[in-house]
Amino acid sequence: MSSVSSAVCRITLASALVLGTLAGLAGCGGAQLAPESTFVLLDGSKKTTADLKGKVTLVNFWATSCVTCVAEMPKIISTYNKYQSQGYDTLAVAMSYDPPSYVVNYAETRKLPFKVAIDNTGAVAKAWGDVQLTPTTYVVNKRGEIVKQYVGEPDFAALHQLIEKLLAET
């Protein structure tokens, strides 16, 4: 094997490992269960992955320093407002490097209508596929399975179609 093809193989393998969580989501018709996690909310209360079951939930990893996150937040709010009466929920998870005071200030000044968690230790981001890029967003169905992952801002028209499809499932 030439050194060039060997390097290509190593890069391909590394890419496959990095994208392994994506392949699990997109592969052979199966969604994967959302990882067991405990989310510490701004009010100090806790929510677990098990609490997501029964609703279609958008889990959004974001940071106050992330320009795209801040730009997409009004669309996340309007999506929440549009569907929340139908069994839809949103959980915004602030990254571990985001100063808690910034997160609290952002949530209060923007009047975020959904639950906001702070991932102080980074354990939640690690459990959800070692999230490093923000925004990273997961759509979780009523059974607690991840059915879609977005890295970057979602196509909100397509997201709304997916939410409506998932809300219609029993």
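**As for the pairing of strand 4 (residues 56–62)**
Right, on to step 1. Burial analysis of strand 4 places 7 of its 7 residues in the buried class, the great majority of the element.
Right, on to step 2. Judged by which residues are buried, strand 4 turns out to be covered on both faces: Val56, Leu58, Asn60 and Trp62 on one side and Thr57, Val59 and Phe61 on the other are all buried.
Right, on to step 3. In terms of strand pairing, strand 4 meets strand 5 (residues 88–94) through 7 bridges, oriented parallel. Its bridge partner being in strand 5, Phe61 is matched across the sheet by Val93.
Right, on to step 4. What joins strand 4 to strand 5 is helix 3 (residues 67–83), and the crossover it makes is right-handed.
Right, on to step 5. Bridge analysis of strand 4 against strand 7 (residues 136–140) gives 5 bridges, and the strand direction is antiparallel. For Leu58, the partnering residue across the bridge sits in strand 7 and is Val139.

**So, the packing of aromatic side chains**
Right, on to step 1. In total, this model carries 7 aromatic pairs according to the counting rule given.
Right, on to step 2. Measuring from ring centre to ring centre gives 5.2 Å for Trp62 and Tyr106, while their planes differ by 50 degrees; the resulting arrangement is tilted. Here Trp62, found in strand 4, pairs with Tyr106, found in helix 4 (residues 100–109); they are 44 residues apart in sequence, far enough to count as distant.
Right, on to step 3. For Tyr106, a relative accessible area of 6% translates into the label buried.
Right, on to step 4. Counting every residue linked through ring pairs, the aromatic cluster contains Phe39, Phe61, Trp128 and Tyr138.

**Focus: the side chain of Thr57**
Right, on to step 1. In this fold, Thr57 is placed in strand 4.
Right, on to step 2. Judged by relative accessible area, Thr57 falls into the buried class, the value being 1%.
Right, on to step 3. Each residue touching Thr57, except ones within four places of it in the same chain, is listed here: Leu52, Asp89, Thr90, Leu91, Tyr138, Val139 and Val140.

**Re the state of the cysteines**
Right, on to step 1. Within this structure, the stated rule accounts for 1 disulfide.
Right, on to step 2. Put simply, Cys66 and Cys69 are joined by a disulfide, and their sulfur atoms are 2.3 Å apart. The S-S bond linking Cys66 to Cys69 shows a torsion near 80 degrees; that makes this disulfide right-handed. Here Cys66 matches Cys69 in class, with each residue buried.

**Looking at the pattern of salt bridges**
Two side chains of opposite charge can pair, provided their charged atoms sit close to one another.
Right, on to step 1. Evaluated as defined, the whole model comprises 6 salt bridges.
Right, on to step 2. Measuring nitrogen to oxygen at the nearest pair gives 2.5 Å for the salt bridge that ties Glu153 to Lys75. A residue pair is termed long-range when its members are at least 10 positions apart, and Glu153 in the loop between strand 8 (145–151) and helix 6 (156–168) and Lys75 in helix 3 qualify at 78 residues.
Right, on to step 3. The partner of Lys126 in a salt bridge is Asp130, with the nearest N and O atoms 3.4 Å apart.
Right, on to step 4. Three or more residues are tied together by salt bridges with common partners; here these are Arg143, Glu145, Lys165 and Glu169.

The rules we used
Position labels on residues start from 1 in each chain and follow its written sequence. It should be noted that, the model being predicted, local features are given only for residues of pLDDT at least 70 and side-chain atom pairs only at 80 or more, the latter also being counted only at that level, while totals for whole chains, interfaces and linings use all residues. By convention in this description, side-chain values take in all heavy atoms of the structure and omit both hydrogens and water. Partly exposed describes any residue whose relative accessible area lies between the buried limit of under 20% and the exposed limit of over 50%, with all areas from a 1.4 Å probe on protein chains only and scaled to the type maximum. We count a stretch as a helix when DSSP gives it H or I for four or more residues in a row; a strand needs E for two or more, and each element gets its number in order from the N terminus. Two strands pair under a simple rule: DSSP has to find at least two bridges between them. Classification remark: right-handed applies to a crossover when, strands pointing away from the viewer, the course from the first strand over the helix to the second runs clockwise. Classification of ring pairs rests on two measures: the distance between centres of Phe, Tyr or Trp rings, Trp counted by its six-membered ring, which must be within 6.5 Å, and the angle between planes, read as stacked under 30 degrees, edge-to-face over 60 and tilted in between. Contacts were defined at the residue level, with two residues in contact if any of their heavy atoms lie within 4.5 Å. Two cysteine sulfurs form what is called a disulfide whenever their separation falls within 2.5 Å. The term salt bridge refers to a side-chain nitrogen of Lys or Arg lying within 4 Å of a carboxyl oxygen of Asp or Glu.

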